[in-house]
Amino acid sequence: MITRGGTYTGNYRSLDSKVPCVIVSTSEPVTLIDCTLVGAGDLIKTGGGVNLTVRNCRGYGLTPTVDNRTRGRFLDAYQAKQLIVEHNYMEHTAGMVVNRWSGNGSAQQTLTVRYNQGLNCDGRYRNGGKETRSFVQLNTVQQLAGIDISYNEFRNEPNESAVEDNINFYNSSGTAQSPIKVHDNYVEGAYPYPATEPSFHGTGLTTDGDGSTPTTTAAYIEAYQNQFVSTCNAAMNIAAGHHIRFYNNRMVTDGLLPDGTKLKATYAATAVFNYYKKDAATFNNNTISNNTIGYVKWGYNSPYKDRQDLSTGSCATCTGTTHLPNPVTPAMEQDEWSLWQQKLLQQQVSVGVLRATGSGGGTVLPVTLARFESKYIGARLLATWTTAQELNSSYFEVQQSTTGLEFSAAGHVQAAGNSTSARTYSLALPPSVERVYLRLKMVDTDSSVRYSEVISCQSFAGATAVRASEHTLYSLAGEQLWHRPASEDGPDLHNLRPGIYVLRTRQTDGSQVSEKILIQ
């Protein structure tokens, strides 16, 4: 427990769902920087009146230790006075909630959430079932000036996450002079669990809440220049409030899982509807304008076959929409990721953790890391990463850990040296019967060292009994390119043209694993 102001750096771990990794209980300014937090409960929890900065920290949620309880939140803040949350990485947590507010909305007493990366907002119980969770939720944060939520990258994978609204404003508001600004965020994935379920109520972003007066409902919110990709039910909804504007956003959903299975829970990209049936003084002046949309809803026809870009009967104030041409394909979703990477480069913005552990510096990585991921393909654990550009890079070292705190080398891959185009690397690792944590060590030609965020991969429980039996490679259009028996060395991906492919692996227990593969 932190009871005095100051700057805190370190590794914090809790294996008890009821015990947070860090509790902040002081009104003096506190900064958490370069921390690694691993826990089954909340990673950071605050009392009232805190002045807290969380920067360059990594947070990993563990399986809950009790039934009917989700993984903990990365941050649970109650009646804060000042919050700055930037350049953090969070994985398999229940996101962030800001519950009520005690600050005055001045530059020194407001809320900033920017430059963060999140993977798999996870509201699942260990014993089945789930609760609604969001990457960012404001709950009854009312009439607060200066709120900025920008340049965050939140991604959810089907059947590895349980998110409701990725961004949710519940009875929360800015002011007429200083509305809440939600801009330049990239949100990918909002799925039911399991992902093939027909019903889902989540979104990319929703204004929400049952407030019955103009001052207690959601209000004065502007969301613009965001990207929402592969979101079931909806991308952006105005379901409550007044003086809310969504404009110049992109909403793209192809209606498919990575293996080509049709999603059953998509509905419409965007809508304006008075869900709580409040009076005209409480629900008014809400508009959705000048957005670019391509949203698949199978069997519908708005404006094209198998589409519902605008919710039928619930979009009277939706104007100036640019409808993407049919069909909306997986390649179009991938294009959104490319646009996001281009935006970051053009704006000279980096998201996620910037600093090397223990470096004490704030230098942006000379290697611009676009993605670092790990998944099982058959019985093989494959670490893959893509760089957007490289400057004087020497080699990469994949490091692994069973605790998320202490790492050892797992293998090396030679780097390109200098590159201004995207390059993809991979390293095969032996399967693990435990959850494994990975990070990427990036070594420059001058021997300086920096690290990526830490990622985790579930244990391969059947590593000794279940193996790949066959591989099938598809184009993104669904065309089967080849079908081959599995080998101990994994699938042969040589001699493929540059592009994106889907590799489907059937295992000896009859299950299937699908993986998108980028070949440069």
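Residues numbered from 1 in each chain as written. Predicted model: local features only at pLDDT ≥ 70, side-chain atom pairs only at ≥ 80, totals over all residues. Heavy atoms only, no water.

1. Here we look at the overall build of the protein
No. 1: Broken down by element type, the protein carries one helix and 44 strands.
No. 2: Out of the 520 residues in the protein, the part that is buried amounts to 59%.
No. 3: Taking as baseline every contact in the protein between residues at least 6 positions apart, the subset at least 24 positions apart corresponds to 68%.
No. 4: If you sum the accessible surface of the protein, you get close to 20600 Å²; carbon and sulfur atoms cover 46% of it. (Helix = DSSP H or I, 4+ residues; strand = E, 2+ residues; numbered from the N terminus. Buried < 20%, exposed > 50% of the residue type's maximum accessible area, 1.4 Å probe, protein only. Contact = heavy atoms within 4.5 Å. Areas by Shrake-Rupley, 256 points an atom, 1.4 Å probe, with all protein chains shown as cover.)

2. Quick word on the state of the cysteines
No. 1: With the rule as written, the count across this model stands at one disulfide.
No. 2: Sulfur-sulfur distance for the disulfide between Cys315 and Cys318 comes to 2.0 Å. Its S-S torsion of about -70 degrees marks the bond between Cys315 and Cys318 as left-handed, since a negative value means left-handed. A single burial state applies to Cys315 and to Cys318, both of which are buried. (Disulfide = S-S within 2.5 Å.)

3. Quick word on unusual backbone geometry
No. 1: Cis geometry is adopted by the peptide bond preceding Pro194, which originates at Tyr193 and carries an omega value of -5 degrees.
No. 2: Relative to the assigned elements, Pro194 resides in the loop between strand S20 (186–190) and strand S21 (203–208).
No. 3: In this structure, the amide linkage connecting Ser302 to the following residue, Pro303, adopts the cis form with an omega of 5 degrees.
No. 4: Structurally, the position occupied by Pro303 is in the loop between strand S29 (292–302) and strand S30 (305–308).
No. 5: Notably, Gln79 is not glycine yet its phi reads approximately 50 degrees, a positive angle.
No. 6: Along the polypeptide, Gln79 turns up in strand S9 (residues 75–80).
No. 7: Residue Gln79 is classed as partly exposed on the basis of its relative accessible area of 30%.
No. 8: Not every positive phi belongs to a glycine, and Ser230 is a case in point at roughly 55 degrees.

4. Observations regarding the environment of Tyr376
No. 1: The residue Tyr376 is located in strand S33 (residues 368–377) in this model.
No. 2: Take Tyr376: its relative accessible area is 11%, and that puts it in the buried class.
No. 3: For Tyr376 and Pro430, which are 54 residues apart along the polypeptide, the C-alpha to C-alpha distance reads 9.9 Å.

5. Describing the pairing of strand S35 (residues 393–401)
No. 1: Burial of S35 is extensive: seven of the nine residues sit out of reach of the surface.
No. 2: When S35 meets strand S36 (residues 408–414), the two strands line up antiparallel, connected through six bridges. Bridge pairing in S36 links Tyr395 to Gln414. (Pairing = 2+ DSSP bridges.)

6. Looking at the pattern of salt bridges
No. 1: Applying the stated criterion to the full structure yields 16 salt bridges.
No. 2: A salt bridge links Lys45 to Asp42; its shortest N-O distance comes to 3.7 Å.
No. 3: For Lys45, a relative accessible area of 32% corresponds to the partly exposed category.
No. 4: Salt-bridge contacts for Arg126 lead to Asp67; the nearest nitrogen and oxygen are separated by 2.7 Å. Residue Arg126 is found in the loop between strand S14 (117–119) and strand S15 (134–139), and its partner Asp67 is found in the loop between strand S8 (58–61) and S9; the two are separated by 59 residues along the sequence.
No. 5: Through salt bridges with shared partners, a single ionic network connects Asp42, Lys45 and Asp76. (Salt bridge = Lys/Arg side-chain N within 4 Å of Asp/Glu carboxyl O.)

7. Some remarks on the sheet that holds strand S31 (residues 318–319)
No. 1: With respect to topology, eleven strands assemble into an open sheet ordered S1-S4-S7-S10-S13-S16-S19-S22-S25-S28-S31, the strand pairing being parallel. The open sheet has two edge strands, strand S1 (6–8) and S31, and neither has a second partner.
No. 2: Direction of pairing for strand S22 (residues 219–224) relative to strand S25 (residues 242–247): parallel, over a ladder of five bridges. Considered in S25, the bridge of Ile221 is made with Ile244.

8. Comments concerning the confidence of the model for the protein
No. 1: Scored by pLDDT, the protein comes out at a mean of 87, with 87% of its residues at no less than 70.
No. 2: Predicted confidence for residues 355–365 stays below pLDDT 50, and this span has 21 contacts to residues more than four positions away or in other chains.
No. 3: Considering only residues more than four positions removed or in separate chains, one finds that residues 462–466, a stretch of pLDDT under 50, has seven contacts. (pLDDT = per-residue confidence, 0-100.)

9. A closer look at the side chain of Arg73
No. 1: Along the chain, the position of Arg73 falls in the loop between S8 and S9.
No. 2: Although buried, Arg73 forms no salt bridge, and the nearest oppositely charged side chain, Asp76, lies 4.0 Å from it.
No. 3: Arg73 has contacts with Gly41, Asp42, Leu43, Ile44, Thr93, Ala94, Gly95, Val97, Arg133 and Gln137, leaving out every residue within four places of it along the chain. (Lys, Arg positive; Asp, Glu negative; His and termini not counted.)

10. Looking at the environment of Asp279
No. 1: By secondary structure assignment, the location of Asp279 is in the loop between strand S27 (270–272) and strand S28 (284–289).
No. 2: Classification of Asp279 by relative accessible area gives partly exposed; the value is 45%.
No. 3: A sequence separation of 65 residues divides Asp279 from Pro214, and the C-alpha atoms of the two residues are 9.7 Å apart.

11. Description of the packing of aromatic side chains
No. 1: Counted by the stated rule, this structure contains 14 aromatic pairs.
No. 2: A ring pair is formed by Phe273 and Tyr275, whose centres lie 6.4 Å apart and whose planes are at 80 degrees; its orientation type is edge-to-face.
No. 3: Of the residues examined, Tyr275 reaches a relative accessible area of 53% and is grouped as exposed.
No. 4: Of the aromatic side chains, those joined through ring pairs into one cluster are Phe372, Trp385, Phe396 and Tyr425. (Phe/Tyr/Trp six-rings, centres within 6.5 Å; stacked < 30°, edge-to-face > 60°.)

12. Comments concerning helix H1 (residues 330–347)
No. 1: Here H1 is 18 residues long and its end C-alpha atoms lie 26 Å apart, about the 26 Å a rise of 1.5 Å per residue gives.
No. 2: For H1, every residue scored as buried is listed here: Pro330, Met332, Glu333, Glu336, Trp337, Trp340, Gln341, Lys343 and Leu344. (Expected span 1.5 Å × (residues − 1).)

13. Section: the side chain of Asp76
No. 1: If you trace the backbone, Asp76 turns up in strand S9.
No. 2: Within the structure, the side chain of Asp76 is placed 3.3 Å from the side chain of Lys45, a separation counted as a polar contact.
No. 3: Not counting residues within four places of it along the chain, the set of residues in contact with Asp76 comprises Asp42, Ile44, Lys45, Thr46 and Val97. (Polar contact = N/O pair within 3.5 Å; in protein donor to acceptor, adjacent residues only side chain to side chain.)

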